[in-house]
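# Close look at the chain arrangement
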Amino acid sequence: MSFFKWVPLVLLLLFYVAKPIFSDSFLSLNEPSEIPKYFLSLAEKPEVFDWMVGVRRKLHENPELGFEEFETNKLIREKLDELGIKYNYPVAVTGVVGFIGTGKPPFVALRADMDALPIQEMVEWEHKSRVPGKMHACGHDAHVAMLLGAARILRKHEKELKGTVVLVFQPGEEGYGGAKKMVEAGALENIEAIFGLHVRSDLPVGQVSSRSGPLLAGVGCFEAVITGKGGHAAIPHHSVDPILAASNVIVSLQHIVSREADPLDSQVVTVAKFQGGGAFNVIPDSVTIGGTFRAFLKGSLLKLRQRIEEVITSQAAVQRCNATVDFFEIEKPMSPPTINNEGLHNHFIEVAVDMLGPYNVKDMAPMMGSEDFAYYQELIPGYFFFVGLKNETLGQSAAEHNPKFTVNEDVLPYGAALHASLAVRYLLQKQLENSLHDKRNHDEL
């Protein structure tokens with residue numbers, strides 16, 4: 001019998017040998033394919049669902065920006081203590097890393113970001129943000145609630161885990177490079193794979209979407225100060241006009257993508273900030289412009305950075321101006337593209353189809369949005385996916401990063417169950433691979 005023909009037999013053996021006699025065990029199921037629906041049924045129980053809703057609403061009322069998530073991580077730690085889950089804190093200032101299982105290999109990680117946005121909420125409801133100018137407008141409150149829900153499910157089945165599940169509660173995803181700082185703090189130590197999710201407002205509840213390979217773009221931001229010589233608008237020849245210089249810079253920046261980039265290598269350069277002058281008859285001394293650049297290949301992203309600086313300084317010089325360019329490498333470091341591992345993609349598809357059915361597992365096109373989850377994927381195999389929260393009856397709500405954004409809390413069981421299922425099935429698969437490896441070595445001997 002060939003090596004691959006042993007796979008289903010060994011997997012069944014792992015489930016039938018030493019089956020527990022109690023019913024609330026995933027090892028008591030007939031097939032590993034039943035685990036996702038079993039976990040979903042647990043996540044939908046009122047005691048788990050209501051618990052997640054309570055966590056999410058409390059977080060929504062008290063949003064905190066990147067690396068200011070002190071009350072957020074306090075709540076997370078309280079819930080982990082309540083569940084009897086060990087954790088490390090602080091990690092990367094405000095991060096928390098929890099551990100469920102044997103404490104031994106293999107290690108698989110589940111990640112949730114937890115920071116809010118500097119947005120004034122415009123949704124009037126009982127649990128509206130209590131902090132002026134801050135709001136969970138990207139669903140990170142739901143992400144934390146779902147990972148805690150998964151932790152509750154996994155803790156209940158901890159003795160059945162054949163390895164360790166690591167819970168990564170990450171600060172500062174919204175442009176602060178929080179994942180990079182978590183990596184630098186050692187959050188990925190011993191971890192073999194990591195999964196992350198994000199809610200999606202245009203996808204119905206009960207559906208998920210992702211793809212293998214490039215999923216989200218790498219991103220960087222820039223700001224340039226173009227300095228000339230101010231003066232009266234009536235005598236422009238006595239001035240050096242930075243507004244004219246900045247205008248030429250903006251037009252030239254658009255040529256980078258249209259004339260230098262491969263049309264099959266998607267890239268974006270957008271100038272979204274232009275500040276200069278305060279009177280209709282005065283040429284200012286300087287103008288500030290700023291924007292973002294994005295690409296699906298890291299090499300293309302680095303090339304864009306180089307060319308943006310060259311174009312800005314050169315075009316400013318043509319207009320007799322000086323220019324300085326800041327890429328915020330410390331405050332808002334450039335994030336690499338989010339590229340999903342092919343093997344983990346296959347794993348995700350199997351788990352998601354077992355839980356939701358093939359119709360509800362969608363293949364999505366790459367998006368120019370960005371996600372600092374990519375920092376994890378640069379070091380270990382990682383997989384990022386989207387879970388739908390659209391209410392088909394009410395129609396689509398406002399999109400993420402909008403002051404009227406809302407979360408349909410029916411999404412919470414799906415995210416929690418997917419987290420738990422992906423981790424447990426991954427550990428079972430690793431157990432299977434180790435068993436097959438040992439058998440092959442035995443046969444060779």
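Description of the structure in this document.

Criteria and cut-off values
Position labels on residues start from 1 in each chain and follow its written sequence. Local features in this predicted model are restricted to residues whose pLDDT is 70 or higher, and side-chain atom pairs enter the listing and the counts only when it is 80 or higher, whereas totals over whole chains, interfaces and linings include all residues. By convention in this description, side-chain values take in all heavy atoms of the structure and omit both hydrogens and water. Whenever Lys or Arg places a side-chain nitrogen within 4 Å of a carboxyl oxygen from Asp or Glu, that contact is recorded as a salt bridge. Where helices and strands are cited, they refer to DSSP runs of H or I of at least four residues and of E of at least two residues respectively, numbered from the N terminus. The buried label applies to any residue whose accessible area, calculated with a 1.4 Å probe on protein chains only, is under 20% of its type's maximum; exposed applies above 50%, and partly exposed to all values in between. What makes two strands pair is DSSP finding at least two bridges between them.

## A closer look at the pattern of salt bridges
- Taken as a whole, this structure holds 22 salt bridges when the rule is applied.
- Note that Glu-82 is salt-bridged to Lys-79, the shortest N-O span being 3.6 Å. A residue pair is termed a helical-turn pair when its members lie 3 or 4 positions apart in one helix, as Glu-82 and Lys-79 do in helix α4 (residues 70-83) at 3 residues.
- Relative accessible area serves as the criterion here: at 49%, Glu-82 is assigned to the partly exposed category.
- On the basis of relative accessibility, which here comes to 17%, the residue Lys-79 falls in the buried class.
- Between Arg-111 and Glu-371 there is a salt bridge whose closest N-O contact spans 2.7 Å. With Arg-111 in strand β3 (residues 107-113) and Glu-371 in the loop between β15 (361-363) and α10 (374-377), the pair connects residues that are 260 residues apart, well separated along the chain.

## Structural notes on the pairing of strand β13 (residues 322-326)
- The alternating pattern of β13 places Ala-323 and Val-325 on a buried face, while none of Asn-322, Thr-324 and Asp-326, on the opposite face, is buried.
- Inspection of the sheet shows strand β8 (residues 218-227) paired to β13 by 5 bridges, in the antiparallel sense. In the sheet register, Val-225 faces β13, and the bridge partner there is Thr-324.

## Some details on unusual backbone geometry
- Put simply, Tyr-89 and Pro-90 share a cis peptide bond, and its omega is -5 degrees.
- Residue placement: Pro-90 occurs in strand β1 (residues 86-91).
- Between Pro-105 and Pro-106 the backbone carries a cis peptide bond, its omega angle lying at -5 degrees.
- Within the secondary structure, Pro-106 is located in the loop between β2 (95-101) and β3.
- The phi dihedral of Phe-67 is positive, around 65 degrees, even though this residue is not glycine.
- Structurally, Phe-67 can be placed in the loop between α3 (46-61) and α4.

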